[in-house]
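Letter by letter, the chains look like this.
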Amino acid sequence: MQQEQSHQLIKGAMALSAAALFAKILSAGYRIPYQNIAGDIGFYVYQQLYPFYGLVMLLSMYGFPVVISKRVAELEAAGQVQRARLTVAVSYYGLLVLAAAAWAAMYFSAPLLAQVMGDTQLTAPLRAVSLTFWFIPFLSVGRGLHQARRELLPTAISHISEQFVRVAMIIIFVVVIMSQTANPYDAGKGAVYGSLIGGVVGVIVIIFLSKSIAWTEWLKVSGASLKEVLSIHSLLFKQGIFICISALLFIFIQFIDAFTMIPLLQNFGLIGEHAYAAKGVYDRGQPLLQLGTIVTTTFSLALVPLIAQAIAAKEREKAGLYRDLAMRLTLFIGGAASIGLFMIIEPANIMLYGNSRGSEVLAVLAFAIFFSSIYLTTAAILQGYGYVHIPAWVMGLGILVKLGLNVLLVPVIGTLGSAVSTVAAIACMALVHLVIIRKLEDFVIRSNQYYWLLFGAMILLIVVTFSWGGLVSYLFDMEGSRIQAAAVALSTVMAGGAVIGWYFFFLPILKEEEWQAVPKLNKLRLKVRRR
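Everything numeric here is computed off the predicted structure, so don't read it as measured data. (Residues numbered from 1 in each chain as written. Predicted model: local features only at pLDDT ≥ 70, side-chain atom pairs only at ≥ 80, totals over all residues. Heavy atoms only, no water.)

Novice: Any chance you could explain the overall build of the protein chain here in plain terms?
Specialist: In terms of regular secondary structure, the protein chain is built from 22 helices and zero strands. Counting across all 531 residues of the protein chain, residues that qualify as buried make up 53%. Within the protein chain, contacts between residues separated by at least 24 positions form 81% of all contacts whose residues are at least 6 apart in sequence. Carbon and sulfur atoms make up 68% of the accessible area of the protein chain, which totals about 23,200 Å². (Helix = DSSP H or I, 4+ residues; strand = E, 2+ residues; numbered from the N terminus. Buried < 20%, exposed > 50% of the residue type's maximum accessible area, 1.4 Å probe, protein only. Contact = heavy atoms within 4.5 Å. Areas by Shrake-Rupley, 256 points an atom, 1.4 Å probe, with all protein chains shown as cover.)

Next comes the structure, spelled out in structure tokens:
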């Protein structure tokens, strides 16, 4: 029986991880066709609204449900079923009050928010996106209670359903609206309504999968003192934010850009639609950053639970091995992704967005992939070691650096200044994490030889992609069609990927015992080496 439960838990965890990965890829990928349909100004409008939606969904997926599930599981294991139910009920009504307050605050302050953003036409779309706050209590408590019971499939199914419907409805709405009115602000509202439909589907799915739960019992508040209510809320809100703080990295950066870039671009000399279009071109980098970070952290973050388990078992040496391996994979894959994107940025820009506008800005943003992969991996490592508050404080430092550099640079060099400030802020955060880890363990990566191997790989990648890209560009006119640009970009990716893959699998980047810790990569390595 216990073995069967363990099997179901593993199956559910795999489904939840797959759902999260699928949702991230979907969330990043659909923005490219959205920009193609709505144009740069339409994309700018959407990116001004997205951070609010992203904040709600991250808290409802990675923040509050985790806190609720952990606390309820602990109380039930201790035989305190009544207190577990009280925790769920108090959390639900607390989140309901939070949702109502956040909705009211944003709805009625929408004209002021739009004015601060530098575009009063955003008022109606901002009011529409304020409705997303109402999803927090339903999704958080529904997912949290299922996770406390070790039922992870309902969370995975609701998340995939919500994202799939959301993306489908967004594309449908933007196609219909742009064909009828061609108004980018109407398209922005349509995208919000598509997201709301997706959220409703997510709630319906979680309710449908909760037939076995007696919600009237779980949501009944009785016998709770004010002190206990405040204690539950304090735990919920503090830990809920701390747990998903790393996942909020790009959301916070997008918030800063949403509120500062248009006024600062006006100081740069761009007025009205010229500023909006420039911001829209800059925002082309967001899906590239998201997709790049997903690729670079997939394998390294998979090692973090092993680090936490080793620490819990007081096996410091094993924890060090896993941490060392996670950092090696992060530096290698993150470095390759950043340099690779930098080298193909102009043809990739034409292939994805139809023209080469803003290629120099996107080239700078490419390096955010490298530093963000380091930050996300080191944040997860620090949390595995029990230092859950450090990433939050470092995030605060990064926000200040980003904000300060935006104010200094955007009025002088335009959107390029915002790209520089993004890279500098994330680099600062990553560096602070590395310094802290070095102080805790005396090393970041044990072998100094690895740094030379890493340096050699990046130089080889630059040479191969530059040579191949130059050759194909000579054969295909870069000023031609998107198909020609795609030929340059994709063939260069294949050439660079082949070289980096050979380097990774055939040179001593990892030791033999380290390969055993990443079985999927090791299986692929053995297949490649047999050929």
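Novice: Teacher, can you tell me more about helix 10 (residues 249-268) here?
Specialist: One turn of an α-helix holds 3.6 residues; hence residues three or four places apart share an orientation. When the terminal C-alpha atoms of helix 10 are compared, their 27 Å separation across 20 residues agrees well with the 28 Å that a helix rising 1.5 Å per residue should span. Most pronounced at Met 261, the bend in helix 10 amounts to some 40 degrees, and the proline Pro 263 follows within four residues. A large share of helix 10 lies buried, amounting to 14 of its 20 residues. Gly 269 sits one or two positions beyond helix 10 and adopts a positive phi of about 120 degrees. (Expected span 1.5 Å × (residues − 1). Bend = angle between axes of the 7 residues up to and from the residue.)

Novice: Sorry if this is basic, but what is going on with the packing of aromatic side chains here?
Specialist: Any two aromatic rings considered together are summarised by their centre-to-centre distance and by the angle between their planes. All chains considered together, the criterion is met by 15 aromatic pairs. Ring geometry for Phe 52 and Phe 255: centres 5.0 Å apart, planes at 90 degrees, overall edge-to-face. Of this pair, Phe 52 sits in helix 2 (residues 31-77) while Phe 255 sits in helix 10, and the two are 203 residues apart along the sequence. Accessibility assignment for this pair places Phe 52 and Phe 255 in one class, buried. Pairing Tyr 92 with Tyr 93 gives two aromatic rings, centres 5.0 Å apart and planes at 75 degrees, and the pair type is edge-to-face. On the basis of relative accessible area, Tyr 92 is assigned to the buried category, the value being 13%. Since its relative accessible area comes to 36%, Tyr 93 is described here as partly exposed. (Phe/Tyr/Trp six-rings, centres within 6.5 Å; stacked < 30°, edge-to-face > 60°.)

Novice: So what exactly am I meant to see when it comes to the side chain of Ser 359 here?
Specialist: Tracing the backbone shows Ser 359 in helix 16 (residues 359-384). A residue is classified by how much of its surface remains accessible, and Ser 359, at 10% relative accessible area, is buried.

Novice: Help me understand a nonpolar patch on the surface in this model?
Specialist: Taken together, the side chains of Trp 452, Phe 455, Ile 459, Ile 462, Val 463 and Phe 466 present a nonpolar region at the surface, about 680 Å² in accessible area. Here Ile 462 is to be found in helix 19 (residues 448-475). Among the residues examined, Ile 462 registers a relative accessible area of 33% and is labelled partly exposed. (Patch = residues over 30% accessible without salt bridge, like charges linked within 9 Å, V, L, I, M, F, W, Y side chains within 5 Å. Salt bridge = Lys/Arg side-chain N within 4 Å of Asp/Glu carboxyl O.)

Novice: Explain the side chain of Gln 48 to me, please; I cannot follow it from the model alone.
Specialist: With respect to the secondary-structure elements, Gln 48 resides in helix 2. Using a relative accessible area of 1% as the deciding quantity, one classes Gln 48 as buried. At a separation of 2.9 Å, a polar atom in the side chain of Gln 48 contacts the main-chain carbonyl oxygen of Ala 258. Excluding anything up to four places from it in sequence, Gln 48 contacts Met 117, Leu 122, Ala 258 and Lys 279. (Polar contact = N/O pair within 3.5 Å; in protein donor to acceptor, adjacent residues only side chain to side chain.)

Novice: How should the confidence of the model for the protein chain be read in this particular structure?
Specialist: Atomic detail in the predicted coordinates should be set aside for any region of low pLDDT. Overall, the prediction assigns the protein chain a mean pLDDT of 82, with 85% of residues at 70 or greater. For the stretch residues 1-7, pLDDT sits under 50, and the model shows zero contacts to residues farther than four places along the chain or on other chains. (pLDDT = per-residue confidence, 0-100.)

Novice: Any chance you could explain the packing of helix 10 against helix 18 (residues 415-441) here in plain terms?
Specialist: The axes of two packed helices give the description: the angle between them and the distance between them. For the pair helix 10 and helix 18, the least separation of the axes is 11 Å and the interaxial angle reads 150 degrees. If you check the angle between helix 10 and helix 18, you find them roughly antiparallel. Judged by the twist between their axes, the crossing of helix 10 over helix 18 is right-handed. Contacts between helix 10 and helix 18 involve Leu 249, Phe 250, Ile 253, Asp 257, Met 261 and Leu 265 on the former and, on the latter, Thr 415, Ser 418, Thr 422, Ile 426 and Met 429. (Axes fitted to C-alpha atoms, helices over the stretch in contact; angles between N-to-C directions. Parallel < 35°, antiparallel > 145°, perpendicular 65-115°, else oblique. Left-handed = near helix turned anticlockwise from the far one by under 90°.)

Novice: Just checking my understanding: could you explain the nonpolar core for this structure?
Specialist: Grouped burial of nonpolar side chains is what soluble globular proteins tend to show. Ranked by internal contacts, the top residues of the largest apolar core, which has 132 residues, are Tyr 34, Leu 126, Phe 332 and Tyr 375. Counting residues per element, this core draws most heavily on helix 2, at 21 residues. Apart from the residues lying within four places of it in its own chain, the contact partners of Tyr 34 are Gly 39, Gly 42, Phe 43, Tyr 46, Ile 170, Ile 171, Val 174, Ala 187, Gly 188 and Ala 191. (Core = buried A, V, L, I, M, F, W, Y, C linked by side-chain atoms within 4.5 Å.)

Novice: Looking at this structure, I do not really get helix 9 (residues 226-243). What am I missing?
Specialist: Here helix 9 is 18 residues long and its end C-alpha atoms lie 25 Å apart, about the 26 Å a rise of 1.5 Å per residue gives. All of the buried residues in helix 9 are Ile 232, His 233, Leu 236 and Gly 240. On an axial view of helix 9, the arc spanned by its buried residues comes to 95 degrees, and they lie on one face. Of the exposed residues in helix 9, those oriented more than 90 degrees away from the buried face are Leu 226, Lys 227, Leu 230 and Lys 238. In this fold, the buried residues of helix 9 make contact with helix 2 and helix 3 (81-117). (Arc of directions from axis to C-beta.)

Novice: It is not clear to me how the pattern of salt bridges should be interpreted in this structure. Could you clarify?
Specialist: Counted according to the given criterion, the structure contains five salt bridges. Across the pair Arg 357 and Asp 40 runs a salt bridge whose closest N-O atoms are separated by 3.2 Å. Taken together, the residues span a long stretch of sequence, with Arg 357 in the loop between helix 15 (345-353) and helix 16 and Asp 40 in helix 2 at a distance of 317 residues. By relative accessible area, Asp 40 is classed as buried at 9%. With its nearest N and O atoms 2.9 Å apart, the salt bridge here joins Lys 402 to Asp 257. Highlighted residues: Lys 402 in helix 17 (residues 390-413) and Asp 257 in helix 10, separated in sequence by 145 residues.

Novice: Would you take a moment to explain the packing of helix 2 against helix 11 (residues 273-282) for this structure?
Specialist: Taken N-terminus to C-terminus, the directions of helix 2 and helix 11 make an angle of 75 degrees; their axes are 7 Å apart at the nearest point. Accordingly, the angle class assigned to the pair helix 2 and helix 11 is roughly perpendicular. Contact with helix 2, carried on its side by Asp 40, Ile 41, Phe 43, Tyr 44, Gln 47 and Gln 48, involves Glu 273, Tyr 276, Ala 277, Lys 279, Gly 280 and Val 281 of helix 11 and no other residues of that element. Tallied by class, the residues present in the contact of helix 2 with helix 11 amount to six nonpolar, three polar and three charged. (Nonpolar A, V, L, I, M, F, W, Y, C, P; charged D, E, K, R; others polar.)

Novice: Teacher, can you tell me more about the environment of Thr 378 here?
Specialist: Inspection of the secondary structure puts Thr 378 in helix 16. Between the alpha carbons of Thr 378 and Ile 436 there is a distance of 9.6 Å; along the sequence they are 58 residues apart. Residues contacting Thr 378, with those up to four places away along its chain left out, are Met 327, His 433, Leu 434 and Ile 437. Within the structure, Thr 378 has its side chain in polar contact with the backbone oxygen of Ile 374 (distance 2.6 Å).

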